[in-house]
Amino acid sequence: MGKGLKNIFYYHHEDFYYCRNGVAQIGLGLPECSTDLCPPSCEEGYVPVFDVKAQKWKISLDEFDRSV
């Protein structure tokens, strides 16, 4: 990773489940629907979901519709 960059983790804008990771420049803030907190690994059938209020990841049963 380049100097001045940090890993970030995106979550779905309505359901808050983990979507993908990316990078952001340090000092510019985070993009919308992202955090710099690494999501936990989960057993199959479960997914990390970001709790915006508590600012932490939780593990949830993966019943999200991703067909749209």
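Use the structure listed above.
Reference entry: report on the structure contained in this document. Keep in mind the model is a prediction, meaning the values are calculated, not measured.

## A word on the sheet that holds strand 2 (residues 18-25)
Here is step 1 of the chain: The three strands lie next to each other as 2-1-3, forming an open sheet whose pairing is antiparallel. Either end of the sheet is taken by a strand with one partner, and the two such strands are strand 2 and strand 3 (34-35).

## Observations regarding the pairing of strand 4 (residues 46-51)
Here is step 1 of the chain: For strand 4, a buried count of five out of six residues is recorded, marking the element as mostly surrounded by other parts of the structure.
Here is step 2 of the chain: Taken together, the six bridges between strand 4 and strand 5 (residues 56-61) define a ladder with antiparallel strand orientation. By the bridge assignment for strand 5, Phe 50 is matched with Trp 57.
Here is step 3 of the chain: Connecting strand 4 to the antiparallel partner strand 5 that follows it, the hairpin turn spans four residues, and Gln 55 within it adopts a positive phi of roughly 55°.

## Quick look at the pattern of salt bridges
Here is step 1 of the chain: Across all of its chains, the model carries three salt bridges by this definition.
Here is step 2 of the chain: Residue Asp 51 is joined to Lys 58 by a salt bridge in which the shortest nitrogen-to-oxygen separation is 2.9 Å.
Here is step 3 of the chain: Judged by relative accessible area, which is 19%, Asp 51 ranks as buried.

## Digging into unusual backbone geometry
Here is step 1 of the chain: One non-glycine residue, Cys 33, lies in the positive phi region at around 60°.
Here is step 2 of the chain: Its location among the elements puts Cys 33 in the loop between strand 2 and strand 3.
Here is step 3 of the chain: Classification of Cys 33 by relative accessible area gives buried; the value is 19%.
Here is step 4 of the chain: One non-glycine residue with positive phi stands out, namely Gln 55, at about 55°.
Here is step 5 of the chain: Turning to its location among the elements, Gln 55 is positioned in the loop between strand 4 and strand 5.
Here is step 6 of the chain: Judged by relative accessible area, which is 44%, Gln 55 ranks as partly exposed.

## Side note on the environment of Val 23
Here is step 1 of the chain: Following the sequence through the fold, Val 23 ends up in strand 2.
Here is step 2 of the chain: Judged by its relative accessible area of 46%, Val 23 falls in the partly exposed class.
Here is step 3 of the chain: Sequence-wise, Val 23 and Ile 8 are 15 residues apart; in three dimensions their C-alpha atoms are separated by 5.4 Å.

## Points about the nonpolar core
Here is step 1 of the chain: Counting residues in hydrophobic clusters, the biggest one holds five residues: Phe 9, Tyr 11, Cys 33, Phe 50 and Trp 57.
Here is step 2 of the chain: The residues touching Phe 50, leaving out its near neighbours within four places in the chain, are Tyr 11, Phe 16, Thr 35, Leu 37, Gln 55, Lys 56 and Trp 57.

Cut-offs used in this document
Residues numbered from 1 in each chain as written. Predicted model: local features only at pLDDT ≥ 70, side-chain atom pairs only at ≥ 80, totals over all residues. Heavy atoms only, no water. Pairing = 2+ DSSP bridges. Helix = DSSP H or I, 4+ residues; strand = E, 2+ residues; numbered from the N terminus. Buried < 20%, exposed > 50% of the residue type's maximum accessible area, 1.4 Å probe, protein only. Salt bridge = Lys/Arg side-chain N within 4 Å of Asp/Glu carboxyl O. Core = buried A, V, L, I, M, F, W, Y, C linked by side-chain atoms within 4.5 Å. Contact = heavy atoms within 4.5 Å.

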